[in-house]
Amino acid sequence: MQRSAKHSSHQWQRHSLRSVRSLSTRGSGKCVHKRGATGACRKAQVFETTNCTAWSSMKERLLETSAHVVMGQELKILDHDVVEAARWAHTHGWKSAITPALRTEREGVSSGTAIFARRAVGMEQVIEDSWVIVPGRATAAKLCMGPKGGMVVISVYLIDSIG
């Protein structure tokens, strides 16, 4: 009696998997459903953080990555370059939240953070009228993805020194 119950349960599972596959495939053999990927074919949301040391390096990374969200530090984008950087990101399929870099005492450029999300991901400001949490050091954005209600993502560039 117990053996047949297991057997019939196993048969039902195999049948239901076949049904899901037949409903989910569109000729390519991939698990594609009209509402998106299903089961084992569902891909995780990928987050990446990178200290790129310059905007040029961050642009290269954004062109290469398969991540959905990239948090960048040390972009060295000054106030007057933020609009152009956001325009470049949008042209290449990214939404952006950018905190400008700071001028150092010796007139150099240091810090600057950003959050980049694929254009399909909703992005909102956490603080009214600003992405900036700490000037030059921290950017925050609410992303409309993941858990119900979305999530807040923060990109932080901290000061570290020896001695």
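Just above, that's the structure.
Residues numbered from 1 in each chain as written. Predicted model: local features only at pLDDT ≥ 70, side-chain atom pairs only at ≥ 80, totals over all residues. Heavy atoms only, no water.

A.B. asks: Provide a residue-level description of the pairing of strand E3 (residues 47–51), including the pertinent values.
C.D. replies: Residues Glu48 and Thr50 point to one face of E3 and are all buried, whereas Phe47, Thr49 and Asn51, pointing to the other face, are not buried. The sheet contact formed by E3 and strand E4 (residues 69–73) spans five bridges and is parallel. Each bridged residue has a counterpart across the sheet, and for Thr50 the counterpart in E4 is Gly72. Between the parallel elements E3 and E4, the chain passes through helix H2 (residues 55–64) in a crossover that is right-handed. (Buried < 20%, exposed > 50% of the residue type's maximum accessible area, 1.4 Å probe, protein only. Helix = DSSP H or I, 4+ residues; strand = E, 2+ residues; numbered from the N terminus. Pairing = 2+ DSSP bridges. Right-handed = clockwise from strand over helix to strand, strands pointing away.)

A.B. asks: How would you explain a nonpolar patch on the surface if you had to name every residue and give the values?
C.D. replies: Nonpolar side chains collect at one region of the surface, where Val126, Ile127, Ile133, Val134, Val152, Ile154, Val156 and Leu158 lie side by side and expose about 660 Å² of accessible area between them. When residues of the nonpolar patch are traced back to their parent elements, those giving at least two are strand E10 (132–134) and strand E12 (151–156). In terms of residue count, the dominant contributor to the nonpolar patch is E12 (three residues). Looking at where Val134 falls in the secondary structure, it is placed in strand E10. (Patch = residues over 30% accessible without salt bridge, like charges linked within 9 Å, V, L, I, M, F, W, Y side chains within 5 Å. Areas by Shrake-Rupley, 256 points an atom, 1.4 Å probe, with all protein chains shown as cover. Salt bridge = Lys/Arg side-chain N within 4 Å of Asp/Glu carboxyl O.)

A.B. asks: Quick rundown of the pairing of E12? Include the residues and the values.
C.D. replies: For strand E11 (residues 138–144) and E12, the ladder comprises six bridges, and the chain directions are antiparallel. Note that in E12 the partner of Ala141 across the bridge is Val153.

A.B. asks: So what's going on with the nonpolar core? Which residues, and what values?
C.D. replies: Residues Trp55, Met58, Leu62, Val70, Leu75, Ile77 and Phe116 are the most contacted members of the largest nonpolar core, which totals 16 residues. Secondary structure elements with two or more residues in this core: H2, helix H3 (82–91), strand E5 (94–99) and strand E8 (113–118). Setting aside residues up to four positions removed in sequence, Phe116 forms contacts with Trp55, Met58, Leu62, His68, Val69, Val70, Leu75, Ala89, Trp94, Lys95, Ser96 and Met123. Counting residues in each nonpolar core, the second largest holds 11 residues, with Ala97, Ala117, Met123 and Leu143 among its members. (Core = buried A, V, L, I, M, F, W, Y, C linked by side-chain atoms within 4.5 Å. Contact = heavy atoms within 4.5 Å.)

A.B. asks: Quick one: what's the story with the sheet that holds E3, residue by residue and with numbers?
C.D. replies: As summarised here, the arrangement of the four strands in space is E3-E4-E8-E5, forming an open sheet in which the pairing is mixed. Strand pairing shows two members of the sheet lacking a second neighbour, E3 and E5, which therefore form its edges. Recorded for the sheet is a direction-independent mean angle of 15° between the axes of neighbouring strands. When E4 meets E8, the two strands line up antiparallel, connected through five bridges. Counterpart to Met71 in the pairing with E8 is Ile115. In the packing of H3 onto the sheet, contacts are made with E5 and E8, and the angle to E5 comes to roughly 160°. (Axes fitted to C-alpha atoms, helices over the stretch in contact; angles between N-to-C directions.)

A.B. asks: Could you give an account of the pattern of salt bridges, with specific residues and numbers?
C.D. replies: One pass over the full model with this rule turns up four salt bridges. Residue Glu48 is joined to Arg61 by a salt bridge in which the shortest nitrogen-to-oxygen separation is 2.7 Å. Remark: Arg61 occurs in helix H2 and Glu48 occurs in strand E3; sequence separation between them is 13 residues. Between Glu74 and Lys76 there is a salt bridge, with the nearest N and O atoms lying 3.9 Å from each other. Through salt bridges with shared partners, one network takes in Glu48, Arg61 and Glu64.

A.B. asks: Before we move on, could you go through the side chain of Thr65 and cite the residues and values that matter?
C.D. replies: Relative to the helices and strands, Thr65 resides in the loop between H2 and E4. Within the local environment of Thr65, its side chain forms a polar contact with the side chain of Glu48, the two groups lying 2.9 Å apart. Excluding residues within four positions of it along the chain, Thr65 makes contact with Glu48, Val70, Trp94 and Arg118. (Polar contact = N/O pair within 3.5 Å; in protein donor to acceptor, adjacent residues only side chain to side chain.)

A.B. asks: Run through unusual backbone geometry, naming residues and quoting values.
C.D. replies: In this structure, Glu74 is a non-glycine residue whose phi angle is positive, near 60°. The residue Glu74 is located in the loop between E4 and H3 in this model. For Lys76, which is not glycine, the phi torsion reads 60° and is therefore positive. Looking at Lys76, the relative accessible area reads 34%, which means it is partly exposed.

By themselves, these are just geometric observations and shouldn't be taken as functional.
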